[in-house]
Amino acid sequence: MSEMKEMILEVVERMLKENVSKDLVDIVEQGKWASDIWNLFVENGMTAVAICEENGGAGGDLEDLLNIVRLTGKYAAPIPFTETTLANYLLAYTNLQVIDDLATYMLAETPSFTLENDKLTGTAHHIPWARHTKQLVTLAHSTKGIHLVAIDLSQAAISPDKNLAGEPRDTVTFQNANVYQQSTVLTSEQIQTMTAITTAFQLAMMTGAIEKINDLTVHYTKEREQFGRPLHRFQLVQQHIVNLAGETALALAAFNNVTVALVAQSPLSEVAYARIRFEEMIQTVATISHQVHAAIGTTHEHSLQQYTRRLWSWRDEGASTFYWTDLVATQLLEHSGDSLWAYMTSCTNNSLLLKAQS
């Protein structure tokens, strides 16, 4: 964590709270985006927080950036902030030049693109915000192996699509397009680390959305009355609120564990355990919040559905729970020997896994 973290987060939360309304979030479903909010982020240097000062950045660290991402998830900000900053972080990780423009990314277990003579060919689906951004950072196969590449999206044929929350998730096709940056051949360990970083960004957004859902639900139970008293006075509603608060606290704890592990450069296990636990958490949070809000929470007029739909959408994107459970199982088989329980209880990084199983 950098020394300026609290100041950064205070500025970002104030900007989002003052400028992002439910109506503004709705514009993304009309094929638009909040360019004014983006410009505000750029003017305040938030898009360059985790870029080193030598490259024109603010010299912050990954923990600062992930907490900003968490806040954009908390306010459902309709801007490609996560995509642009993650694309640049991946470029910096592979010693490539960062992009001073709107960007997006696509990492997949099996790359959709082939690279030959610095030309990119192939089609990828569900690329976030492609129609609104300028550059794509993605993986590509060559005869030598897998590379990270950066390419101008003006060379692509883009077919608009969207996820359950109405956010842009487009199909992008390249045919012998010029790649202007490419990494050396990536090792499997590098690709795993990049996948962990990408999942950490998704966990940050989901944590923010869970925080907002908790806030909305608590507020609703205080202002809504039944039989002459506020909803939060009813025992069953109180039980729901307690369970929701517990899931929210767990989400924040898991997110904080992930940021610490990333800064310490040992992210795989902590990211895996957090992602596995979030699978169950999302279902619980969405179920409780909609039960408490009843039918009104599903209506377009209420903002709850904006956040629960994002949770369901983000859960299904990127490296899935199956990917991470397979990684955890493989690690256990390779390192536990004949004593699985002794291995699990001796690993300090496995605390979240034990919580997930309890």
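Residues numbered from 1 in each chain as written. Predicted model: local features only at pLDDT ≥ 70, side-chain atom pairs only at ≥ 80, totals over all residues. Heavy atoms only, no water.

K.L.:
What exactly am I supposed to notice about the overall build of the protein here?
P.N.:
When helices and strands are tallied, the protein shows 12 helices and 9 strands. Oriented by its inertia axes, the alpha-carbon framework of the protein measures out at about 75 × 55 × 40 Å. A total of 358 residues make up the protein; the buried ones form 55% of that total. Counting contacts in the protein only where the partners sit at least 6 residues apart, residues at least 24 apart contribute 71% of the total. Total accessible area on the protein is roughly 16400 Å²; 49% of this is exposed by carbon and sulfur atoms. A gap of 9 Å separates the mean positions of the 24 positive and 40 negative side-chain charges of the protein. (Helix = DSSP H or I, 4+ residues; strand = E, 2+ residues; numbered from the N terminus. Buried < 20%, exposed > 50% of the residue type's maximum accessible area, 1.4 Å probe, protein only. Contact = heavy atoms within 4.5 Å. Areas by Shrake-Rupley, 256 points an atom, 1.4 Å probe, with all protein chains shown as cover. Lys, Arg positive; Asp, Glu negative; His and termini not counted. Charge placed at Lys NZ, Arg CZ, Asp CG, Glu CD.)

K.L.:
Before we go on, may I ask you to explain the pairing of strand β3 (residues 119-128) in this structure?
P.N.:
A regular strand places its side chains on the two faces of the sheet in alternate fashion. Relative to β3, strand β2 (residues 113-116) is paired through 4 bridges, and the arrangement is antiparallel. Its bridge partner lying in β3, F113 is registered against G122. (Pairing = 2+ DSSP bridges.)

K.L.:
Can you help me understand the packing of aromatic side chains in this one?
P.N.:
What describes a pair of aromatic rings is the distance from one ring centre to the other and the angle between the planes of the rings. Considering all chains together, one arrives at 3 aromatic pairs under this definition. Ring centres 5.7 Å apart and planes at 65° place the aromatic pair F113 and F174 in the edge-to-face group. One end of the pair, F113, is in strand β2; the other, F174, is in strand β7 (residues 169-182), and 61 residues separate them in sequence. According to the relative accessible area criterion, F113 is buried, its value standing at 1%. A residue is classified by how much of its surface remains accessible, and F174, at 1% relative accessible area, is buried. (Phe/Tyr/Trp six-rings, centres within 6.5 Å; stacked < 30°, edge-to-face > 60°.)

K.L.:
I would appreciate a short explanation of the packing of helix α4 (residues 62-74) against helix α5 (residues 81-93) in the present structure.
P.N.:
Each pair of packed helices can be summarised by the angle the axes make with each other and by the distance between the axes. Two elements in contact, α4 and α5, have axes whose closest approach is 10 Å; the angle formed by their N-to-C orientations is 160°. The angle between the axes of α4 and α5 places the two elements in the roughly antiparallel class. The handedness of the crossing between α4 and α5 is left-handed. Between α4 and α5, the residues in contact are L62, L65, I68, V69 and T72 and F81, T82, T85 and Y89, respectively. (Axes fitted to C-alpha atoms, helices over the stretch in contact; angles between N-to-C directions. Parallel < 35°, antiparallel > 145°, perpendicular 65-115°, else oblique. Left-handed = near helix turned anticlockwise from the far one by under 90°.)

K.L.:
Is there a simple way to explain the side chain of T72 in this structure?
P.N.:
Take T72: it is sitting in helix α4. Of the residues examined, T72 reaches a relative accessible area of 6% and is grouped as buried. Engagement of the side chain of T72 in a polar contact is seen with the backbone oxygen of V69, the distance being 2.6 Å. Here T72 is in contact with L16, F41, A77, F81 and T82, once residues within four sequence places are set aside. (Polar contact = N/O pair within 3.5 Å; in protein donor to acceptor, adjacent residues only side chain to side chain.)

K.L.:
I tried to follow the environment of G73 on my own but got confused; where do I start?
P.N.:
With respect to the element layout, G73 can be found in helix α4. Contact partners of G73, with chain neighbours within four places excluded, come to M205, G208, A209, Y307 and W314.

K.L.:
Before we go on, may I ask you to explain the pattern of salt bridges in this structure?
P.N.:
Side-chain pairing between opposite charges can occur once the charged atoms of the two side chains come close. Tallied over the full model, the rule gives 13 salt bridges. Ionic pairing is found between R169 and E317, a salt bridge with its closest N-O pair at 2.8 Å. With R169 in strand β7 and E317 in the loop between α9 (304-315) and α10 (321-335), this pair connects stretches of sequence that are 148 residues apart. A single network of salt bridges, built from pairs that share partners, joins E167, R169, R310 and E317. (Salt bridge = Lys/Arg side-chain N within 4 Å of Asp/Glu carboxyl O.)

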